[in-house]
Amino acid sequence: MRTEQPQVIYLKDYQAPEYLIDETHLTFELFEDHSLVHAQLVMRRNPARGAGLPPLVLDGQQLELLSVALDDQALSAGDYQLDDSHLTVQPKAATFTLDTSVKIHPESNTALEGLYKSGSMFCTQCEAEGFRKITYYLDRPDVMSKFTTTVIAEQHRYPVLLSNGNPVGTGPQDDGRHWATWEDPFMKPAYLFALVAGDLWCVEDKFTRQSGRDVTLRIYVEPENIDKCQHAMTSLKKSMRWDEEVYGREYDLDIFMIVAVNDFNMGAMENKGLNIFNSSCVLARAETATDAAHQRVEAVVAHEYFHNWSGNRVTCRDWFQLSLKEGFTVFRDSEFSADMNSRTVKRIEDVAYLRTHQFAEDAGPMAHAVRPDSFIEISNFYTLTVYEKGSEVVRMVRTLLGAEGFRKGSDLYFERHDGQAVTCDDFIKAMEDANGVDLTQFKRWYSQAGTPRLAVSEHYDSAAQTYSLTFRQSYPATPDKVEKKPFVIPVELGLLDAQGNDIALRLQGEAAAGTSRVLSVTEAEQTFTFVDVAAKPLPSLLRGFSAPVKLSFPYDRDQLMFLMQHDSDGFNRWEAGQQLSVQVLQELIAQHQQGSALVLDQRLVTALGTVLANEQLDQAMVAEMLSLPSEAYLTEISEVADVDAIHAAREFARKQIADQLFDALNARYQANRGVSRGTEYVAEAEHFARRSLQNIVLSYLMLSGKPEVLAATLEQFDACDNMTERLTALAVLVNSPFEAERGKALEVFAENFKDNPLVMDQWFSVQAASTLPGGLARVKALMQHPAFTMKNPNKVRALIGAFAGQNLVNFHAADGSGYRFLAELVIELNALNPQIASRQLAPLTRWRKYDAARQALMKAELERILASGSLSSDVYEVVSKSLA
Ligand code: B3K
Ligand code: ZN
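Residue indices begin from 1 for each chain and proceed along its sequence in written order. Chains and ligands are labelled sequentially in the order written, the chains with letters from A and the ligands with numbers from 1. Under the rules for a predicted model, residues below a pLDDT of 70 receive no local features and side-chain atom pairs below 80 are neither given nor counted, while totals for whole chains, interfaces and linings still include all residues. To get the side-chain values, all heavy atoms of the structure are used, and hydrogens and water are removed first.

1. A few points about the packing of aromatic side chains
Any two of the Phe, Tyr and Trp rings considered here, Trp counted by its six-membered ring, make a pair once their centres fall within 6.5 Å; the pair's planes then place it as stacked at under 30 degrees, edge-to-face at over 60, or tilted in between. Scanning all chains against the criterion turns up 41 aromatic pairs. Judged by centre distance (5.1 Å) and plane angle (35°), the rings of Trp242 and Phe306 are tilted. Taken together, the positions of Trp242 in helix 1 (residues 230-247) and Phe306 in helix 2 (residues 291-306) put the pair 64 residues apart, joining distant regions of the chain. By the burial criterion, Trp242 is buried, and Phe306 matches it. Centre to centre, the rings of Phe328 and Phe427 are 5.0 Å apart; their planes meet at 55°, and the pair counts as tilted. Highlighted residues: Phe328 in helix 3 (residues 322-340) and Phe427 in helix 6 (residues 424-435), separated in sequence by 99 residues. Throughout, exposure labels follow a simple rule: accessible area from a 1.4 Å probe, protein chains only, divided by the maximum for the residue type, with under 20% read as buried, over 50% as exposed, and the rest as partly exposed. For Phe328, a relative accessible area of 1% gives the class buried. Lysine and arginine charges are scored as sitting over a ring when NZ or CZ, respectively, is within 6 Å of the ring centre and within 35 degrees of the ring normal. Cation over ring: Lys117 sits above Phe122, and NZ or CZ is 4.7 Å from the ring centre. A run of H or I in DSSP counts as a helix once it spans at least four residues, and a run of E counts as a strand once it spans at least two, with each numbered from the N terminus.

Dropping the structure here:
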């Protein structure tokens, strides 16, 4: 908890550390009611900071200092200063050794940062600033050290003792305890430190590197989960191969370990050689994990593995540079997933996510640049902007340089900075130097917050046979009130003729350049003119979503239908469908607001009918195209979001589509369920595609309320062999009018899976997201369920996160009951786990999107949180910025 006024930390104040830590020797003695940490730090004055011996200020929080010695001389209380967050000592020489012993309480650490207990095992989470809750240290990423770690614990309870690097020794003590020592040969910052002690089983495999040497791979889990590790292991081996092939990066230690823990604040953590994972991102098998969960496991395993180079070998100089490792690594994992599955579908998923959630963040009170220039609490900056927009920025670099130029740049980056802690500027510099280009203007993507708008207009001159496109950039105001300068916006485009074929592209004054190309828009207003254009074409703009901007072009609905059918770019075919749906839905929203009868533009039904009839199209694409823009996305693009009208309009459109296309939907359902019934579960793209279409189609069919659909749903629920089909059937029932069947299915499901917490998370989520009336009461009742606990972040996300984030009509109930409920929970969570509390707050921070009455209610709840007493810096920062 915060005891002093929270301080704002600025990038411009960065200074290199006064001292360095060459070696870190740690000994942990783990007990049930406390733990002891003995640290020996071999230190020296940082030569880069010049002569003189300023005081050594070590970070440390919630530590009970037992002893401190400088060069083996015990210090007494008068020889050092101690406050809530620092230990200060005065070195006597340029090189010295500092020994400290502290007592800590992992057994009561509910914040899940530092050393804590998850169930019966000990584990750690140090990024960003958790190491200071373990021992006194220079807890900053530019202080890199060689770590040796000894863990001592009771043999019987904790047979497995792990830390980073290679095992160098282990043995029993005569008091029933045992020890293990690990040595990490690579210099690393403290945030990559990890320790695990528990009664764990492991699955072991090996990977042969390109260079011929074997690496031992181990996944450690609690014994009951040993049958759910294979998918993660396969994903790990695929990731290792991919990083060798695509980036030329080999793994460097002889052992790589993953440990699954149930209580974890986020997805996973890339600690050197010892990744610690939320069990939701490791465990997967057909019966208990959905296709989405399988894909998430593959992506997160890859992401953490890729950090070994983008993050660990080359790390961040300071936390303002977080996107250096996160944006780049998200880009790497998304390309990996694209290569392993359907590239277009992966792009669609990423873009839909970015535009719904990151764009909302960029338009809200916490908006910040990809490289923020100030923060109060760094934990609040593990954001969609740093991760997802950061990844888009790296993607644009690749688009501008081409795949080969990008690889030259990444090679130079890794070679030049291996073993260093560097900045986003260093990354771009390597890209520039390897390609002989100047990216100075491009770097505005790192420093300017907010989503740029790009308005496009056209002009066709039939006499001159020229076609011009004019691009106008504009920038919404952001909380930093910084005046924005033009971005470099790579716009990939093509021009379609009347038959829907791409025409040859030739810019005035240039040679012909294929049928799809990238224009680099660099000015606030800029016109590009194409020559030899025989007839007015239809532009396909921002193909593959080549830049994270809000592009607008005045397409009419017939043109969008044409693009849906003919665009050679798969992403833009989907995008045309989304734009058509948005236009149609916005019309329905307006009708609802005017109190007139809702009338659906039949062109949407026709367009979706055509998609549904196209047997050649990848089934996952059909599924994506059938998915109407989410309520959250419709909210994001509204000036003032009318939650009830959005919900009514979307549900009306879905029902119309279901009724009018019933036979075609049903045919697709029967065909796919037929195949699923006769096929064993396989976690591969083609099977994901079949099930995704089968499932979205089933959710449409249920809107008909026909008894035959109920029967089909119950058949799927009972007879399928996998969680994807079962959970979809459950969700469809939960949102259906069939009350008795719904209740029965929920009961059967909970009874079957009561011992599997990850499956119970799904059970909570499906109910929390149900938009039927009475949502809040259902959520409150579920909080009393024995499987629910506020202490487990997965449970909080499954129930409260799903309610506030996905169940918009219920959460935004006009009486403010949803807001009050969330505020109360945030106050409770603030005391237990500040990081989770601050994350759950996000929906309340978006108050500017709503009508005056809701705004007042939401702000009142934010005020109430602010006034509630001793707030963590995490919650304080988000609430105070939201009210500013
Ligand atoms: N680097 C970690 C995130 C740590 C978050 C700390 N609050 C996971 C990842 O991005 O790979
Ligand atoms: Zn990461």
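Having seen it, we continue.
2. As for the pairing of strand 17 (residues 195-198)
The side chains of a regular strand alternate, first on one face of the sheet and then on the other. Burial along strand 17 is two-sided: the residues Leu195 and Ala197 and Val196 and Gly198 are all buried. Here the rule is simple: two strands pair whenever DSSP picks up at least two bridges between them. The sheet contact formed by strand 11 (residues 121-125) and strand 17 spans two bridges and is antiparallel. Bridging across to strand 17, Cys123 finds its partner in Val196. Inspection of the sheet shows strand 13 (residues 160-163) paired to strand 17 by four bridges, in the antiparallel sense. What sits directly across from Leu162, in strand 17, is Val196.

3. Quick look at the site of ligand 1
Nearness is judged by heavy atoms alone; a residue qualifies as near a molecule or strand once a single heavy atom is within 4 Å of it. As a structural note, the neighbourhood of ligand 1 is formed by 14 residues, with Glu127, Ala268, Glu270, Glu304 and Tyr387 the closest of them. Whenever two N or O atoms come within 3.5 Å, that pair is a polar contact, provided that in protein one can donate a hydrogen and the other can accept it, and provided that, for residues adjacent in sequence, both atoms are side-chain atoms. Contact distances for ligand 1 include 2.5 Å between an oxygen atom and a side-chain N or O atom of Tyr387. When ligand 1 is considered free in solution it has 340 Å² of accessible area, and contact with the protein chains removes 95% of it. Elements with a contribution of two residues or more to the shell around ligand 1: strand 21 (268-269), helix 2 and helix 3. Ten residues, namely Ala, Val, Leu, Ile, Met, Phe, Trp, Tyr, Cys and Pro, are considered nonpolar, four, namely Asp, Glu, Lys and Arg, are considered charged, and the remaining ones, Gly among them, are considered polar. Residues belonging to the shell around ligand 1 are distributed by class as follows: six nonpolar, three polar and five charged. Note that accessible areas follow from Shrake-Rupley with a 1.4 Å probe, and for residues the cover is restricted to the protein chains shown.

4. What to know about the pattern of salt bridges
Put simply, a salt bridge is a Lys or Arg side-chain nitrogen that is within 4 Å of an Asp or Glu carboxyl oxygen. Tallied over the full model, the rule gives 70 salt bridges. Across the pair Glu326 and Lys325 runs a salt bridge whose closest N-O atoms are separated by 2.6 Å. A salt bridge links Asp601 to Arg603; the nearest nitrogen and oxygen atoms lie 2.9 Å apart. When salt bridges that share partners are traced, they join Glu335, Asp339, Arg343, Arg395 and Arg398 into one network.

5. A few points about the coordination of the zinc ion (ligand 2)
We call an atom a donor if it is N, O or S and sits within 2.8 Å of the metal, or 3.2 Å for Na, K and Ca. Water is not counted, so some sites may look partial. For the zinc ion (ligand 2), the full set of protein donor atoms is His303 (NE2), His307 (NE2) and Glu326 (OE), at a range of 1.9 to 2.1 Å. Within one chain, the residues donating to the zinc ion (ligand 2) are spaced in sequence as H-x3-H-x18-E. Of the residues examined, His307 reaches a relative accessible area of 0% and is grouped as buried.

6. Some words on the pairing of strand 18 (residues 201-208)
Pairing analysis gives eight bridges linking strand 18 to strand 19 (residues 214-221), with the strands arranged antiparallel. Its bridge partner being in strand 19, Phe207 is matched across the sheet by Val215. Taking the residues between adjacent antiparallel strands as the criterion, strand 18 and strand 19 are bridged by five residues, where Gly212 takes a positive phi near 105°.

7. Quick word on the sheet that holds strand 22 (residues 274-278)
Here we have five strands laid out as an open sheet, ordered 18-19-20-22-21, and mixed in their pairing. Strands at the two margins of the open sheet, each flanked by one partner only, are strand 18 and strand 21. Summarising the sheet, strand 21 and strand 22 pair through two bridges and their orientation is antiparallel. Bridge pairing in strand 22 links Ala268 to Phe277.

8. Let's talk about the side chain of Ser310
For Ser310, the position within the fold is in the loop between helix 2 and strand 23 (315-316). For Ser310, a relative accessible area of 1% puts it in the buried group. Separated by 2.9 Å, the side chains of Ser310 and Arg332 make a polar contact. We call two residues in contact when some of their heavy atoms are within 4.5 Å. Not counting chain neighbours up to four residues away, the residues in contact with Ser310 comprise Lys325, Phe328, Thr329, Arg332 and Phe414.

9. Quick notes on the environment of Ala802
Within the fold, Ala802 resides in helix 21 (residues 793-806). Leave out the neighbours within four places in its chain, and Ala802 touches Ser765, Ala768, Arg797 and Asn807.

10. Some points on the nonpolar core
The nonpolar side chains of soluble globular proteins are, as a tendency, buried together. Judged by nonpolar contacts, the single largest core of 276 residues is most densely connected at Phe471, Phe530, Leu626 and Leu730. Three or more residues apiece are contributed to this core by two domains, here domain 1 (1-199) and domain 2 (453-550). In contact with Leu730, other than residues within four places in its own chain, are Phe717, Ala745, Leu746, Phe749, Trp763 and Val766. Here the nonpolar core consists of buried residues drawn from Ala, Val, Leu, Ile, Met, Phe, Trp, Tyr and Cys, with membership extended through side-chain atoms lying within 4.5 Å. Domain segmentation is taken from an automatic or database assignment of domains.

11. Structural notes on the packing of helix 8 (residues 557-566) against helix 9 (residues 570-594)
Helices that pack against each other are described as a pair by the angle of their axes relative to one another and the distance between those axes. An axis is simply a line fitted to the C-alpha atoms; with a helix, the fit covers only the stretch in contact. Between two such axes, the angle follows the N-to-C directions and lies from 0 to 180 degrees. Running from N to C, helix 8 and helix 9 cross one another at 150°; their axes reach a closest spacing of 7 Å. Put simply, helix 8 runs roughly antiparallel to helix 9. Every pair of crossing elements has a handedness; the one defined by helix 8 and helix 9 is left-handed. Of the residues in helix 9, those touching helix 8 at Arg557, Leu560, Met561, Leu563, Met564 and Gln565 are Arg573, Ala576, Gly577, Gln579, Leu580, Gln583, Val584 and Glu587. Looking at the contact of helix 8 with helix 9 residue by residue, the classes come out as seven nonpolar, four polar and three charged. Any angle that is under 35 degrees is reported as roughly parallel, and any over 145 degrees as roughly antiparallel; angles of 65 to 115 degrees are reported as roughly perpendicular and all others as oblique. For any pair of crossing helices, the crossing counts as left-handed if the nearer helix is rotated counterclockwise from the farther one by less than a right angle, and right-handed if it is rotated clockwise.

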